[in-house]
Amino acid sequence: MKKTTTRLADGRELIYYDSRDDVVRDAVDHRPLDPVATASEIRHDRLLGDDVAIASHRQARTYHPPADECPLCPSLGGRLSEIPAPDYDVAVFENRFPSLAGDSGRCEVVCFTSDHDASFADLTAEQAALVLEAWTDRTAELSQLPGVEQVFCFENRGEEIGVTLGHPHGQIYAYPFTTPRTERMLRSLAAHREATGGNLFDDVLADELADGRRIVLEGEHWVVFVPYAAHWPYEVHLYPKRRVPDLLALDDAARTEFPQIYLEVLRRFDRIFDEGNGRGGRAAGRGGRAAGAARTPYIAAWHQAPLRAEHRAEFALHLELFTIRRTSGKLKFLAGSESGMNVFINDVPPEAAAERLREVASES
């Protein structure tokens, strides 16, 4: 991997990640941009103990531009974008409309490919491995920023999720606090240690492997399963078999296997709602999708240990992938119980979800 760091016209950082060492990245951003002005601040909810980011400047962010005006495509034919180069492998840059900025953290955009019409599931294993390297490198760099407590790499895909740019991309948030969801995991981890002397993440993974009904895919170094108490109709967790706290701690064997495992899971997600594409269904096209099949909206979220957490080494890096679609043409909306009281009601039994995800495996 070759890493090249440069600056955009308004001073924001841009980083290219290339699979070839001989690539030269010397394109200059010639757009007449004013310096980025943000008004992000963190406010603390005294009743719930949560931190909320207030970012009014995001109201002006780009919203569903036509494909020929996409700001994440390369700069070609006189049309200038966020990425000055005429082509790229993986590109990361500071968000122009960040939720977190300055003393309140940092937000970055990760462009997985220069191909506007692609999806992560369409990437080759080599391309997916380069994205993993970019996630890892950004985690290392952002962890060194003053005040950063947790680094969160994630992807939102699909208009149903709320994505405003169709180009295949994700984001990275460097939070100045430990997120509420992670705090809850840490409390459960500590309570389990106190009660049993064991590690909660290890025991959950061991229990899923022993049960077997919710295992979707198992490799030599990674396990994919639908959790016993899945919140979402189709939700899977990807765990490395060797527990590590963050992306930096993954060994070479786990890094090598991850692209094959993750790409297969993403391609299955694109097939689960295609009724004609179970085993023996319609022939799969690009990225393993059946001809005419719609892409499934999803959120993919890496959970990494907070930087200064007590017993940090006990935390288990894992990726949670879920869709808000519950069946063909129907979405799972957060209604009163979920939104008002954070009590989820799942219409799809986890065992049935796992069975469906096994049914739509790629044919070898």
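Here the structure is a predicted model, which is why all the values come from computation and not from measurement. (Residues numbered from 1 in each chain as written. Predicted model: local features only at pLDDT ≥ 70, side-chain atom pairs only at ≥ 80, totals over all residues. Heavy atoms only, no water.)

Participant: Teacher, can you tell me more about the overall build of the protein chain here?
Facilitator: Each helix and strand counted, the protein chain has 6 helices and 15 strands in total. The C-alpha atoms of the protein chain give a radius of gyration of 21 Å, which matches the 21 Å a tight globule of 364 residues would have. Structurally, the protein chain occupies a C-alpha span of about 60 × 50 × 45 Å along its principal axes. Residues counted as buried form 51% of the 364 residues belonging to the protein chain. For the protein chain, the accessible surface area stands at approximately 17,100 Å², while carbon and sulfur atoms represent 50% of it. (Helix = DSSP H or I, 4+ residues; strand = E, 2+ residues; numbered from the N terminus. Rg over C-alpha atoms; globule rule 2.2 N^0.38 Å. Buried < 20%, exposed > 50% of the residue type's maximum accessible area, 1.4 Å probe, protein only. Areas by Shrake-Rupley, 256 points an atom, 1.4 Å probe, with all protein chains shown as cover.)

Participant: How should I be thinking about helix α2 (residues 180-196) in this particular structure?
Facilitator: At 3.6 residues per turn, the α-helix brings residues three or four places apart onto the same side. The end-to-end C-alpha distance of α2, which contains 17 residues, comes to 24 Å, matching closely the 24 Å that a straight helix rising 1.5 Å per residue would cover. Along α2, the residues classified as buried are Thr-182, Met-185, Leu-186, Leu-189 and His-192. Buried residues of α2 fall within an arc of 130 degrees about the axis and therefore sit on the same side. Along α2, the residues that are exposed and aim more than 90 degrees away from the buried face are Arg-187, Glu-194 and Ala-195. Turning to α2, the residues buried within the fold contact β7 (150-157), α3 (200-211), β12 (298-303) and β13 (318-323). (Expected span 1.5 Å × (residues − 1). Arc of directions from axis to C-beta. Contact = heavy atoms within 4.5 Å.)

Participant: Before we go on, may I ask you to explain the nonpolar core in this structure?
Facilitator: Judged by nonpolar contacts, the single largest core of 54 residues is most densely connected at Phe-120, Trp-135, Val-236, Leu-238, Tyr-262, Trp-302 and Leu-321. If one sorts the elements of this core by residue count, helix α4 (residues 252-269) sits on top with 8 residues. Here Tyr-262 is in contact with Phe-120, Trp-135, Glu-155, Leu-238, Ala-300 and Leu-319, once residues within four sequence places are set aside. Formed by 14 residues, the second largest nonpolar core is a distinct cluster that contains Tyr-16, Cys-73, Ala-91 and Val-109. (Core = buried A, V, L, I, M, F, W, Y, C linked by side-chain atoms within 4.5 Å.)

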